[in-house]
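Residue-level listing of the chains:
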Amino acid sequence: MNAKTADPTAPDQGRIVLLTTSHRVAPGLLSWPAWQALRTADRVLCADGTHPQLPYLREAGIRVDEAAPTAEELVEACAGGRTAVVVATGEGDPALTDGLARLAGSGRVRMPELELLPASYDLPGARLLDLVQVMDRIRLECPWSSQRTHKGLAKYAIEEAYELVEAIEDGDRDELREELGDVLLQVVFHARIAEEDPDAPFSVDDVAGTIVDKLVHRHPHVFGDERADTPEEVRAHWLRTKAAEKQRTSVTEGVPLGQPGLALAAKLHSRVRTAHLDVPLPSGEGIGYELLALAARAETEGTDPEAALRAAARTYRDAIRAVEG
């Protein structure tokens, strides 16, 4: 924004640069235009004496005045063609920016050239750092959260996973975004608790590093020299690398027995079918064996029996509500 008049004989009113930085980027990692503006400025100011950028700017030989000038004082400081760089605080210095906007809108003051210069940018995933920081504070200061354990939180992980599935099945995009956040919270919460373990602590960075290593290793067609042109070839790569990693003696290893019965039956049948084992379904009396056969049939046909039953149950629920209404 430039509020200077077109009069070529008028004195140069200078330049004000509002320098913004992201707290999610390490201090001192600034863009080249930002460093150029800082080095060529007649004056650099910052209202926050504890701003994380200040030690790095001073180490680079840039003098920073800890001051919070008013809009009028800043405009006067730029008179005669001088440049002032304001290192914005975390709040963005609203009093200063609002004051500059009022002066520019009044039409009574010749304004310097005003420039907003982002000195550092958030990378994709940067808000995850905010989540880690918020979770750390909650763990330290919240009477309820500070007492939680892995076991005490386990039920919430299951509940949130089911709510996520429901949002997916409903097709509600807003609900999906919210439920994904709730599931993510469970991961960050458990990782924060794990940091306090006296014998085998680990952090959310360790969790992320583990899954990154796993994904890279199990996708040699993406990160290595192998090739996969179809989903079936990708699955074959995945199964081979997983088998080499786990070195399991049974296809049933790694199948959680605590999952819902239909899902458990379908998973076991999938393992048997993928391994090309000839294991007949057990025969017996009762509804359990009938459900087992149905789950195996659904898995063979590519249907998730849990999802199919949920869909039928939802239809049943709607019929109940219709009768009630």
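You'll find the structure just up there.
Residues numbered from 1 in each chain as written. Predicted model: local features only at pLDDT ≥ 70, side-chain atom pairs only at ≥ 80, totals over all residues. Heavy atoms only, no water.

Enquirer: Go over unusual backbone geometry, please, and point to the residues and values.
Expert: Its identity as a non-glycine residue notwithstanding, Asp93 has a phi of 55°, on the positive side. Note on placement: Asp93 falls in the loop between strand 4 (83-87) and helix 4 (94-106). A positive phi angle is found at His276, which is not glycine, with a value near 55°. Residue class for His276 comes out exposed when judged on its relative accessible area of 74%. (Helix = DSSP H or I, 4+ residues; strand = E, 2+ residues; numbered from the N terminus. Buried < 20%, exposed > 50% of the residue type's maximum accessible area, 1.4 Å probe, protein only.)

Enquirer: Residues and numbers for the pairing of strand 4, please.
Expert: Most of strand 4 sits out of view: five of its five residues are buried. The side-chain alternation of strand 4 yields two buried faces, one formed by Thr83, Val85 and Val87 and the other by Ala84 and Val86. In this structure, strand 1 (residues 15-20) lies alongside strand 4, joined through five bridges in parallel fashion. Each bridged residue has a counterpart across the sheet, and for Ile16 the counterpart in strand 4 is Ala84. As paired strands, strand 2 (residues 43-46) and strand 4 are joined by three bridges and run parallel to one another. Bridging across to strand 4, Leu45 finds its partner in Val86. (Pairing = 2+ DSSP bridges.)

Enquirer: Tell me about the sheet that holds strand 1, and name the residues and values.
Expert: Spatially, five strands are ordered 3-2-4-1-5 in an open sheet, and the strand pairing comes out parallel. Each of the sheet's edge strands pairs with one partner strand only, and the pair in question is strand 3 (65-66) and strand 5 (113-118).

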